[in-house]
Amino acid sequence: MRRLCVVLPLLAAGILLGGVPALAEPPFSVPEQVTDRAGVLGDDDVARVEDAVDRLRSEEDLQLFVVYVDSFDGSSGVDWADETAARSGLGGNDVLFAVAVEDRRYGYSADEAFPLSAAELDELIARDVEPELSDDDWAGAAVALADGLGDSGGSGAGTTALLVAGGLAVVGGGAYLVTRSRRRRGQRATPQGPPDPHAGTPTEQLQGQASTALLDLDEAVQSSALDLDFARLQYGEEAVAGFAEALAQARAELARAFALRQQLDDEVPEDEPARRRMLAEILALTGSADARLDAQAEEFARLRDLERTAPQVLDALAPRIAQLRDRLPAEEQRLRGLGERYAEAALAPVADNVAEARARLAAAEQEIAEARADLAAGQPGAAVTDVRAAEDAVAQSATLLDAVGRLGADLEAAAGRVAAARAETEKDLAEARALLGSGDRSGLGSQVARAEAALATADAALTPPDGGRPDPLAALRGLEEADVALEEALRAARDAQDRARRAAASLDQALPAARSSVAAAGDFISTRRGAVGPEARTRLAEAQRRLDAAVAQGPGDPVGALREAQQADALARQALDAARADVGAWGSGGPFAGPGGFAGGSAGRSGVDLGSLVLGGILFGGGGGSGARGGYRSGGFGGGGRRSGGGRSSGGGRRGGGGRF
């Protein structure tokens, strides 16, 4: 959703006093409607603001989110608010107001269709909010804004889209808030927005273009990251700084595009105009990121100059392949050992990793042989494709083998945490049962039953009733589910400090599980990306954002961080399931089967497993009549096929205003 962004600039000189520098805050996911990271609100202040935003929600169907931070991280107010709005994913009738206390700045960002004009919005803030900010009455400013928006709601604010964002929850924001606000949005007609840049293209066709653009850009970003890693090894960090910056920006645009795709995929349907706007933004973001990478490709090619340096690069790859080959027996033994200790389901993400690594190493050796033949024949340009394919195959082989050890370590660590986590869950369950027995907690019974069922699931994962092997990570997830139910059951009986303490304890077990799930899904998808479609990649991108949000929020907001970690874990497991389904379909000639019909691992080119190459998304070269030389992997620093579709977003439809306090 394109959003209107308004942020009022820094007060003139003399505002910042000497002393300890303000703590900069990058954009982050806001878990509650009132978030105070600047420490300017007391308990009574929080209660006043919460009462005001509750009234706004109940009377006008608008949600106001208020955020206080020390500083906007050195960014201009516009940039800071624009970034948080772009990453937020909140609905059209959600409002967020952000204040950087030490910067003396505040910001908001509103949807283009908001019924009040920019002048009316500015007047409301200048008249009611700025005086409170100038007096450092932080709670009074938020209450004044909530009341002012409520007074204006009768003119139609409750039936149109509004978003104000300046320090707000993005892609990893609370699922409940996002879902609820977007559900309300889906019940209304979409206001007239800017002209459709893809008018005349059927929506289903537009969706197909957006999915293809996402796949192509994700592939280009991953390929560019690999190219950058090898260039960094050759030339050092300083030589590749510009390319690293371009890649980071492209990744940010890709993340935003995946966030939009996640919104389109969730359970709340958008109406047709909203779908088209979001698809158009995906194409704009992917087009912009693609152009950013393309702009660096020629200079990057000059830096590496593989036509000249190919012999040295090939010489450096040979010992790496030998080292990885030496690891194969040990990793096979490790995998067998893990299979004797843990359930088959627990090891599913890495079950085929050693075999896949062996196939890729064979492919790498074949690519090296063909590259040397090209060089001997005086065809250095032909050798470049083989060199890059060999580098990719070697990197994927290392990832596949490393994943076996990492999952083993995660399972062992989880097994060590289960007993203490279960004891804590039993303690909370006993407390909840006691409250239930007192008869004064309505609705408590269903939460206790939910917790008991989750605890039983955890016990079954740890000690399967059929005598099978345990899955400690699954057991921890069951305990987390029980903890969620018990937290809801006991919320009324616990104060905020106690809830935060318990959430912090639960976060200690939720974060490792989420990290393990995200890593497992990421390794699986990155090494089989030729077969994996947009759904799995979208879920993985969302899971990574949620995990990042959980880590960032953990110290200051353990309750919100716990929710993010649990969402990250669930999304990562969805990503892995979808990716495994894609790979299974690919092996049967399904929709993501590789070019040339290499589904199922067909052999060719001196026995190299071409199916494994395509499965890994590797750009393979060389002769041998494979019919697929070059171009399978698109774009990126290393060149390859070009992508199409998706012009840049013009950023139109935004209106601005300004003020100081």
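Just so it is clear, the model here is predicted, and its values are computed rather than measured.

1. Observations concerning the overall build of the protein chain
Here is step 1 of the chain: Looking only at helices and strands, the protein chain has 18 helices and 8 strands in total.
Here is step 2 of the chain: Within the protein chain, the proportion of its 661 residues that are buried is 54%.
Here is step 3 of the chain: Relative to all contacts within the protein chain whose residues are 6 or more apart in sequence, the contacts with residues 24 or more apart total 82%.
Here is step 4 of the chain: Accessible area for the protein chain stands at about 26300 Å²; split by element, carbon and sulfur atoms hold 51% of it.

2. Some thoughts on the pattern of salt bridges
A side chain with one charge can pair with a side chain of the opposite charge if their charged atoms come near.
Here is step 1 of the chain: Taken as a whole, this structure holds 35 salt bridges when the rule is applied.
Here is step 2 of the chain: The residue E281 makes a salt bridge to R256 at a minimum N-O spacing of 4.0 Å. Placement of E281 in helix α8 (residues 272-304) and of R256 in helix α7 (residues 241-265) is noted, with a sequence separation of 25 residues between them. Per residue, the accessibility class of E281 equals that of R256, and both read buried.
Here is step 3 of the chain: Among the ionic pairs, R275 bridges to E272, the shortest N-O distance being 3.8 Å. Residue R275 and its partner E272 are both found in helix α8; the two are separated by 3 residues, about one turn of the helix.
Here is step 4 of the chain: Overall, R275 belongs to the buried group, its relative accessible area being 18%.

3. Concerning helix α9 (residues 306-341)
Here is step 1 of the chain: Along its length, α9 shows its largest kink, about 35°, at Q312.
Here is step 2 of the chain: The inward-facing, buried residues of α9 contact α6 (203-235), α8, α10 (344-347), α11 (353-376) and α12 (380-438).

4. So, the pairing of strand β3 (residues 63-69)
Here is step 1 of the chain: Of all the 7 residues making up β3, 7 are buried; the element is thus mostly covered by neighbouring parts of the structure.
Here is step 2 of the chain: Where burial is concerned, the two faces of β3 agree: the one with Q63, F65, V67 and V69 and the one with L64, V66 and Y68 are both buried.
Here is step 3 of the chain: In the sheet, strand β2 (residues 34-36) pairs with β3 via 3 bridges, with the strands oriented parallel. For T35, the partnering residue across the bridge sits in β3 and is V67.

5. Describing the nonpolar core
Here is step 1 of the chain: With 60 residues, the main nonpolar core has L317, V387, L411 and L479 as its most contacted residues.
Here is step 2 of the chain: Of all elements in the fold, only α6, α9, α10, α11, α12, α13 (444-462) and α14 (472-490) reach the threshold of two or more residues within this core.
Here is step 3 of the chain: With 21 residues, the top contributor of residues to this core is α12.
Here is step 4 of the chain: Among all residues touching L411, those that are not within four sequence positions of it are Y342, A346, L347, D471, P472 and L473.

6. Considering the environment of L226
Here is step 1 of the chain: Tracing the backbone shows L226 in helix α6.
Here is step 2 of the chain: C-alpha of L226 to C-alpha of E391: the two residues are 165 residues apart in sequence and 8.2 Å apart in space.

7. So, the packing of aromatic side chains
Here is step 1 of the chain: One pass over the structure, following the stated rule, counts 2 aromatic pairs.
Here is step 2 of the chain: Relative to W138, the ring of Y68 has its centre 6.5 Å away and its plane inclined at 70°; by these criteria the two rings are edge-to-face. Highlighted residues: Y68 in strand β3 and W138 in helix α4 (residues 138-152), separated in sequence by 70 residues. Across the pair, W138 and Y68 agree in class, each one buried.
Here is step 3 of the chain: Positioned above the aromatic ring of F524, the side-chain terminus of R528 is 4.1 Å from the ring centre.

8. A short note on the confidence of the model for the protein chain
Here is step 1 of the chain: For the protein chain, mean pLDDT is 75; residues scoring 70 or higher make up 70% of the total.
Here is step 2 of the chain: The model gives residues 154-191 a pLDDT under 50, and that stretch makes 147 contacts with residues more than four places away or in other chains.
Here is step 3 of the chain: Within the model, the stretch residues 620-634 combines pLDDT values under 50 with 63 contacts to residues more than four positions away or in other chains.

9. Some points on the side chain of Q566
Here is step 1 of the chain: Assignment of secondary structure puts Q566 in helix α17 (residues 558-587).
Here is step 2 of the chain: With relative accessibility at 19%, the residue Q566 sits in the buried group.
Here is step 3 of the chain: Excluding anything up to four places from it in sequence, Q566 contacts E480 and V484.

10. Some details on unusual backbone geometry
Here is step 1 of the chain: The backbone of D136 sits at a positive phi, close to 60°, despite the residue not being glycine.
Here is step 2 of the chain: Summarising the element assignment, D136 is placed in the loop between α3 (118-134) and α4.
Here is step 3 of the chain: Phi is positive for D305, which is not a glycine, with a value near 45°.
Here is step 4 of the chain: Take D305: it is sitting in the loop between α8 and α9.

11. Brief notes about the packing of α12 against α13
Here is step 1 of the chain: Contact geometry of α12 with α13 gives a least axis separation of 10 Å together with a crossing angle of 155°. By the angle class used here, α12 and α13 are roughly antiparallel. Judged by the twist between their axes, the crossing of α12 over α13 is left-handed. For the pair formed by α12 and α13, the contact residues are V418, R422, T425, E426, L429, A432, R433, L435 and L436 on the first element and L444, G445, V448, A451, E452, L455, D459 and L462 on the second.

12. Some details on the packing of α6 against α9
Here is step 1 of the chain: One can describe the packing of α6 onto α9 by two numbers: an axis separation of 13 Å at closest approach and a directional angle of 100°. By the angle between their directions, the pair α6 and α9 is classed as roughly perpendicular. Seen from α6, the contacting residues are F230, Q234 and Y235; seen from α9, they are T309, V313, L317 and R320.
Here is step 2 of the chain: When its residues are assigned to classes, the contact of α6 with α9 shows 4 nonpolar, 2 polar and 1 charged.

13. Quick word on the environment of G42
Here is step 1 of the chain: In this fold, G42 is placed in the loop between β2 and α1 (43-60).
Here is step 2 of the chain: Residue classification places G42 among the partly exposed positions, given a relative accessible area of 31%.
Here is step 3 of the chain: Residues G42 and A139 lie 97 residues apart in sequence; the distance between their C-alpha atoms is 9.1 Å.

Here is what the cut-offs are and how they apply
Residues numbered from 1 in each chain as written. Predicted model: local features only at pLDDT ≥ 70, side-chain atom pairs only at ≥ 80, totals over all residues. Heavy atoms only, no water. Helix = DSSP H or I, 4+ residues; strand = E, 2+ residues; numbered from the N terminus. Buried < 20%, exposed > 50% of the residue type's maximum accessible area, 1.4 Å probe, protein only. Contact = heavy atoms within 4.5 Å. Areas by Shrake-Rupley, 256 points an atom, 1.4 Å probe, with all protein chains shown as cover. Salt bridge = Lys/Arg side-chain N within 4 Å of Asp/Glu carboxyl O. Bend = angle between axes of the 7 residues up to and from the residue. Pairing = 2+ DSSP bridges. Core = buried A, V, L, I, M, F, W, Y, C linked by side-chain atoms within 4.5 Å. Phe/Tyr/Trp six-rings, centres within 6.5 Å; stacked < 30°, edge-to-face > 60°. Lys NZ or Arg CZ within 6 Å of the ring centre and 35° of its normal. pLDDT = per-residue confidence, 0-100. Axes fitted to C-alpha atoms, helices over the stretch in contact; angles between N-to-C directions. Parallel < 35°, antiparallel > 145°, perpendicular 65-115°, else oblique. Left-handed = near helix turned anticlockwise from the far one by under 90°. Nonpolar A, V, L, I, M, F, W, Y, C, P; charged D, E, K, R; others polar.

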